[in-house]
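# Observations on chain architecture
The lines below spell out each chain.
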Amino acid sequence: MAHLLGGLATPFLCKPINASSSFNNNYTSASASASSLHALDSLYIKRAAELADKSAGFTAPHPNFGCVIAHPNNGGGTVVGEGYLYAEGTIPAEVQAVEAAVERCRGATAYLNMEPGDCHSNSSAVSALIKAGISRVVIGIRNPLQHLRGNAIHALRSEGLQVDVLGEDTQNKIIEDAVKSCLFVNAPLLYRAACQVPFSVLKYAMTLDGKISASSGHASWISSKKSRTRVFEMRGRSDAVIVGGNTVRRDNPRLTVRHGGSHLPRRIVLSQTLDLPEEAHIWNVSEVPTIVATQRGARRSFQKLLASKGVEVVEFDILDPRDVMGYLYDRGYLSILWECGGTLAASAISSGVIHKVHAFVAPKIIGGKNAPSPVGELGMVEMTQALELIDVCYEQIGPDILVSGFLQPVPDLTPTIPSVEETSAIDPTISPYESSIIFFYKTWDPYGGFSNFSLHPFQMPNENGELVTWSSVEHYYQAQKFVGASDPVAKSCMEEIQCAKSPEEAARIGRRIQRQQPNLVRPDWESVKIDAMYKALKCKFTTYPYLNSLLLSTAGSVLVEGSPHDLFWGGGRDGEGLNYLGRLLMKLRSEFLGDSSTSQNSLLHQTSENQ
């Protein structure tokens, strides 16, 4: 975070009015007015950040956006509209706020915690503010992604709107606090963009004398029920929860989210030797997947056992926390919660991958020379070497105290982000005469509009020939698994998928039902799923001209869906995936270009050779 200098402004002393002091009076009045405006701006920006945080815990972490529309009056203000982004691709916060304020938008000020990111060349957020007659826009922080940074600000200013970025022209304590609220609510995105690793939070509960269990290993329960409920909320705000082998052996955790939200983080176990029990709650993947990260070659027979249970095993040459975080970064994760023991916690901290700490301190003393502490050996021999938390917060939760703070400062607002070519990891020895490779994966990527998860609604006829609206290709694709089934449960599954608020939710619903009730899935699904995806893609790219143009602009390049874990639709971690999504897009591109001579089979064969 850029350092913001200065504190609260010292008020000017009042003096008797006379000719010589008239200038000072005018200056004082103007300063007071400016100070009042800055305070109002800061207040509403903090409210926008508060709104943005509402989506956490209901879908896998996305950039969080909130918008407040207000009319300043008499030194105060009147809020006329608010909104927040539920998930990437759903209705933008700005559009929601404009729809709530309607005609009261004219001449009003819009407050945004972060510059809008029109990831799919869809300027709906910016257009909504312009068309509504908003006269001024205040932005908490600029978009941290290089290919989006400044675009919305430029577009708004080019239409005559006044755009102010908080803290870029004036700095004081009130503004600094407001900017921090914007940084904190999007900390996962900021860390990911600046550091190329997911945002990692270490959570633990300990007694007043610093123990996480008794000498016997018994640890239930150190913290109170209220504190454990807060932990469930923390899990719900994360893409994944990490534990070590000791935790699995000792505690047999479920690592679930019991708060009623729809987002369930993946469970990840780090174990070098795979010395793990054959039966454990965490191997039950009926509700949420489990990933086991281990060292290459460890217990092949146990790996096969885990695979038979549906657990994904990922091998590393050396099981190092930083390598694991690099892998999870490649998978598109934003936020990771570490709930491990002291040994793994120390290794993660030493590797520099832990960014924030949540420590629940219970008013209990258990003692014990051999009772473990929350963080193992870090190699420090003097207190001057101790790591100090910054931006520390204290909160009482029942009888416990929650101490939270950052081990690393929130990244600077202008991080150096690799270019598209660098992030694509293209071999520099490739000849310029060979085809280039364009990777796409997450919807915030430059080519994110190619993703089946991008929210571009389209209409497709159902079995009766009636047009049905689908929010995304993923909504349509997941629902097609249950087409034709006479079972009323299957039909209700289709309706549930169609009504899902985000593509991620649609995918989770479809995959969960497929795992738990395979009898509901149409018997020909494996043979028709490629055609179902292609029909939806063709409709999407026909419906949206700018997506069509984006696809045609890639002519001559190989398109690769960059998911490292999807070996069917994606390219896989080391290029071992089949990349069917990329292949279908290239087939579609050829059709749009009029290349009727290229059949689907020859194109698929050619693409396979290019990989």
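What you see is a predicted model, and the numbers here were worked out from it, not measured in a lab. (Residues numbered from 1 in each chain as written. Predicted model: local features only at pLDDT ≥ 70, side-chain atom pairs only at ≥ 80, totals over all residues. Heavy atoms only, no water.)

The residue Gln196 is not glycine, and still its phi comes out positive at about 55°. With respect to the helices, strands and loops of the structure, Gln196 is situated in the loop between helix 6 (187–195) and strand 6 (199–207). On the basis of relative accessibility, which here comes to 27%, the residue Gln196 falls in the partly exposed class. (Helix = DSSP H or I, 4+ residues; strand = E, 2+ residues; numbered from the N terminus. Buried < 20%, exposed > 50% of the residue type's maximum accessible area, 1.4 Å probe, protein only.)

Further remarks concern the confidence of the model for the chain. Detail in the predicted coordinates should be disregarded across regions flagged by low pLDDT. Looking at the chain as a whole, the pLDDT averages 83, with 84% of positions reaching at least 70. Low pLDDT (under 50) marks residues 413–434, which in the prediction has 17 contacts with non-local residues, meaning those over four places away or in another chain. (pLDDT = per-residue confidence, 0-100. Contact = heavy atoms within 4.5 Å.)

Summed over all chains, the structure comprises 15 aromatic pairs. Taking the centre distance of 5.0 Å and the plane angle of 45° together, the rings of Tyr44 and Tyr111 count as tilted. Of this pair, Tyr44 sits in helix 1 (residues 22–52) while Tyr111 sits in strand 3 (residues 109–114); the two residues are 67 residues apart in sequence, bridging distant segments of the chain. Classification of Tyr44 as buried rests on a relative accessible area of 8%. On the numbers, 5.5 Å between centres and 40° between planes, the contact of Tyr447 with Phe450 is tilted. Put simply, the rings of Tyr477, Trp525, Phe568, Trp569 and Tyr580 pair up and form one aromatic cluster. (Phe/Tyr/Trp six-rings, centres within 6.5 Å; stacked < 30°, edge-to-face > 60°.)

Burial runs high along strand 4 (residues 136–141): 6 of the 6 residues are buried. Relative to strand 4, strand 3 runs parallel, the two sharing 5 bridges. Its bridge partner lying in strand 4, Thr109 is registered against Arg136. Of the pairings in the sheet, the one linking strand 4 to strand 5 (residues 162–165) comprises 4 bridges and is parallel in character. (Pairing = 2+ DSSP bridges.)

Take the nonpolar core next. Residues Ile69, Leu129, Ile134, Val137, Val269 and Trp283 are the most contacted members of the largest nonpolar core, which totals 82 residues. Per-domain counts for this core show at least three residues from each of domain 1 (34–186) and domain 2 (196–376 + 387–406). Among residues more than four places away in sequence, those in contact with Leu129 are Glu94, Val98, Ala110, Leu112, Ile134, Val137 and Leu156. Counting residues in each nonpolar core, the second largest holds 45 residues, with Tyr477, Tyr544, Val558 and Leu584 among its members. (Core = buried A, V, L, I, M, F, W, Y, C linked by side-chain atoms within 4.5 Å. Domains from an automatic or database assignment.)

Here Tyr329 lies in helix 10 (residues 321–330). What makes Tyr329 buried here is its relative accessible area of 18%. Each C-alpha atom, one on Tyr329 and one on Phe199, is 9.4 Å from the other, the two residues being 130 residues apart in sequence.

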